[in-house]
Amino acid sequence: MADNTSNKILEQIAQGIASLNAESAPIIFADNVPVYGHVGGIITVTLAAERPHGNEIVVAPTAHLRLTPKAAKLLAESIMKAFAMGERKEASVN
């Protein structure tokens, strides 16, 4: 019986995750990565953006990422692939 309940809970979680879509995800802007590290097997990255504050520009955090090593590697690979796509487009324009 407990196994059946566990399966129902897992199915509900899976359906909830599957029902998420790109429209509900936040957009995070960054033009700086001031902090990164590795703590207890988790990759940590802080994204930041420059923002006006009075008469000066300050760096303000926009997101704190905590990633498994696998997720961090996939993110890094995806970013490099996106760069390559941009370079190909720029090369075809010139």
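Shown above is the structure to which this text applies.
Residues numbered from 1 in each chain as written. Predicted model: local features only at pLDDT ≥ 70, side-chain atom pairs only at ≥ 80, totals over all residues. Heavy atoms only, no water.

### What to know about the overall build of the protein chain
Each helix and strand in the protein chain was counted, giving 2 helices and 3 strands. Each helix and strand of the protein chain, placed in order from N terminus to C terminus, yields the pattern α-β-β-β-α. Among the 94 residues that make up the protein chain, the fraction classed as buried is 11%. In the protein chain, of all internal contacts separated by at least 6 residues, the share reaching a separation of at least 24 is 19%. As displayed, the protein chain has an accessible area near 8,000 Å², and 62% of this comes from carbon and sulfur atoms. (Helix = DSSP H or I, 4+ residues; strand = E, 2+ residues; numbered from the N terminus. Buried < 20%, exposed > 50% of the residue type's maximum accessible area, 1.4 Å probe, protein only. Contact = heavy atoms within 4.5 Å. Areas by Shrake-Rupley, 256 points an atom, 1.4 Å probe, with all protein chains shown as cover.)

### Section: the side chain of T46
Structurally, the position occupied by T46 is in strand β2 (residues 42–53). Overall, T46 belongs to the buried group, its relative accessible area being 11%. Here the side chain of T46 touches H64 through a polar contact of 3.2 Å, side chain to side chain. Beyond its immediate sequence surroundings of up to four residues, T46 is in contact with N32, V33, P34, V35, P61, A63 and H64. (Polar contact = N/O pair within 3.5 Å; in protein donor to acceptor, adjacent residues only side chain to side chain.)

These results come straight from atomic positions and should not be treated as a statement about function.
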